Amino acid sequence: MRRLQVSLEGRSYPIYIGRNLYPHLWGAWQESVKPTKILLVSDENVFPLFGGKLIAELDRAGFASSLVVVPAGEGSKSMSWLEAIYSSALEAGLDRGGLVLALGGGVVGDLAGFAAATYMRGVPFIQVPTTLLAQVDSSVGGKVAVNHPLGKNLIGAFYQPRLVWIELETLRSLPEREFLAGAAEVIKYGIILSKPFFNYLEENWTAFLARQEEVLTEVIAVSCGLKSEVVARDEREEGERAILNFGHTWGHALEAATGYNYYLHGEAVLVGMALAVHMAAKKKILSRTDARRIVSMLARIGLRPPPPGLDSENVLASLKYDKKRKDGRLVFVFPVSIGEVALFSDTDTGLLFAVLNDYLCGWLEKEYS
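Notes on the structure follow. No experiment lies behind these values; they were computed from the predicted model shown.

Basis of the calculations
Residues numbered from 1 in each chain as written. Predicted model: local features only at pLDDT ≥ 70, side-chain atom pairs only at ≥ 80, totals over all residues. Heavy atoms only, no water. Helix = DSSP H or I, 4+ residues; strand = E, 2+ residues; numbered from the N terminus. Rg over C-alpha atoms; globule rule 2.2 N^0.38 Å. Buried < 20%, exposed > 50% of the residue type's maximum accessible area, 1.4 Å probe, protein only. Contact = heavy atoms within 4.5 Å. Areas by Shrake-Rupley, 256 points an atom, 1.4 Å probe, with all protein chains shown as cover. Core = buried A, V, L, I, M, F, W, Y, C linked by side-chain atoms within 4.5 Å. Salt bridge = Lys/Arg side-chain N within 4 Å of Asp/Glu carboxyl O. Patch = residues over 30% accessible without salt bridge, like charges linked within 9 Å, V, L, I, M, F, W, Y side chains within 5 Å.

## Focus: the overall build of the protein
Right, on to step 1. Each helix and strand counted, the protein has 14 helices and eleven strands in total.
Right, on to step 2. Relative to the 2.2 N^0.38 estimate, which gives 21 Å for 369 residues, the radius of gyration of the protein is 20 Å and therefore close to what a compact globule would have.
Right, on to step 3. C-alpha extents for the protein along the principal axes are approximately 60 × 40 × 40 Å.
Right, on to step 4. Scored against the burial criterion, the 369 residues of the protein give a buried share of 57%.
Right, on to step 5. Counting contacts in the protein only where the partners sit at least 6 residues apart, residues at least 24 apart contribute 77% of the total.
Right, on to step 6. By element, 50% of the accessible surface of the protein is carried by carbon and sulfur atoms, the whole surface being about 14,700 Å².

Next comes the structure, spelled out in structure tokens:
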């Protein structure tokens with residue numbers, strides 16, 4: 001078992017990574033929380049696979065638990081499902097000594113985390129992420145939210161979990177498309193924070209895709225470690241943490257423009273990273289050599305082609321609701337070299353149209369092949 005620590009003043013918490021960890025979960029969390037009751041939140045895909053085992057361990061340890069199972073997919077990150085969790089918590093008699101346990105991917109973690117942050121002004125919660133994307137990204141750092149029809153994650157909070165429990169066994173059953181969507185965030189950390197990690201991914205990509213345990217553990221541990229270091233320095237995204245949004249400005253706009261039902265989040269971010277690299281290369285912020293190397297790595301996952309009929313005007317209209325805007329201007333994270341990025345907000349509309357149309361017309365990957 002690997003153990004990392006997210007170091008925050010007064011709110012530090014551990015991340016555990018390993019296989020067959022469920023029997024040890026209740027013992028680990030008692031270091032930081034001793035719940036009176038537990039509300040388990042999961043989804044229709046994950047619960048049949050792992051919920052029974054987790055509930056059996058809770059029962060064995062003597063914990064009373066209640067259950068909320070939401071539909072799988074981004075549509076569950078809604079005010080209506082948030083209210084349903086509140087109602088279930090109240091009906092179960094969950095008080096301020098209770099615990100919300102999130103078992104699932106990023107949608108479940110964000111939804112359950114926001115419920116925990118706001119129920120009775122805050123109750124403890126634990127993340128048990130079951131997708132690669134959630135394990136390396138959304139479960140770490142304390143961002144919790146639900147969506148609004150006009151934009152993604154517009155209603156949310158910063159609220160740290162008491163611990164993150166990463167069970168590698170859940171990745172065995174993860175569909176290839178979901179695994180690759182998570183791999184996009186893994187590559188992101190190499191691009192923005194660590195050239196040595198980017199090099200490691202290039203050299204070990206085949207073993208990683210084969211989900212070899214040693215490589216998988218290393219990749220997840222390094223990804224979580226890199227993100228937690230940034231979060232420790234800037235918990236509430238007042239400065240440096242904004243670099244973690246690399247690819248997300250475009251990615252969120254693509255998700256919103258397609259009604260959150262075409263791209264997986266990691267797929268949208270992957271395209272968003274490619275667009276940001278393309279923009280940086282066009283502005284001569286990033287060398288052509290590094291741009292080619294980055295896009296080549298992204299292409300090893302494969303950029304999801306746009307759906308038929310996706311219009312550039314709709315995507316650009318969605319950009320205006322991006323929550324990272326500053327003084328009315330879009331803020332983009334651009335790589336300046338592999339392992340280093342910077343924030344820029346002087347992008348002109350003509351460039352936005354040009355790079356987006358390169359993707360919509362299928363020219364973006366060819367540009368760097």
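Next comes the rest of the account.
## Observations concerning the nonpolar core
Right, on to step 1. In this structure, Ile-15, Ile-187, Ile-191, Phe-208, Ile-220 and Trp-250 are the most contacted members of the largest nonpolar core, which totals 84 residues.
Right, on to step 2. With twelve residues, the top contributor of residues to this core is helix α10 (residues 265–282).
Right, on to step 3. One finds Ile-85, Leu-94, Phe-114 and Phe-125 within the second-largest nonpolar core, a separate group that totals 22 residues.

## Observations regarding the pattern of salt bridges
Right, on to step 1. Inspection of every chain in the model, using the stated rule, returns 19 salt bridges.
Right, on to step 2. Across the pair Glu-218 and Arg-2 runs a salt bridge, and its minimum N-O distance is 3.5 Å. On the criterion of sequence distance, the pair formed by Glu-218 in helix α8 (residues 213–233) and Arg-2 in strand β1 (residues 2–6) is long-range, its members being 216 residues apart.
Right, on to step 3. Take Glu-218: its relative accessible area is 28%, and that puts it in the partly exposed class.
Right, on to step 4. By relative accessible area, Arg-2 is classed as partly exposed at 34%.
Right, on to step 5. For Glu-169, the salt bridge is made with Arg-172, and the minimal N-O distance between the two is 3.3 Å.
Right, on to step 6. Residue classification places Arg-172 among the exposed residues on the basis of a relative accessible area of 60%.
Right, on to step 7. Here the salt bridges do not stand alone but share partners, grouping Glu-74, Lys-77, Asp-110, Lys-152 and Glu-255 into one network.

## Focus: a nonpolar patch on the surface
Right, on to step 1. A grouping of Leu-150, Leu-154 and Tyr-321 is seen on the molecular surface, where their side chains present a nonpolar patch of about 250 Å² in accessible area.
Right, on to step 2. Looking at the secondary structure, you find Tyr-321 in the loop between α12 (312–319) and β10 (332–337).
Right, on to step 3. Looking at Tyr-321, the relative accessible area reads 35%, which means it is partly exposed.

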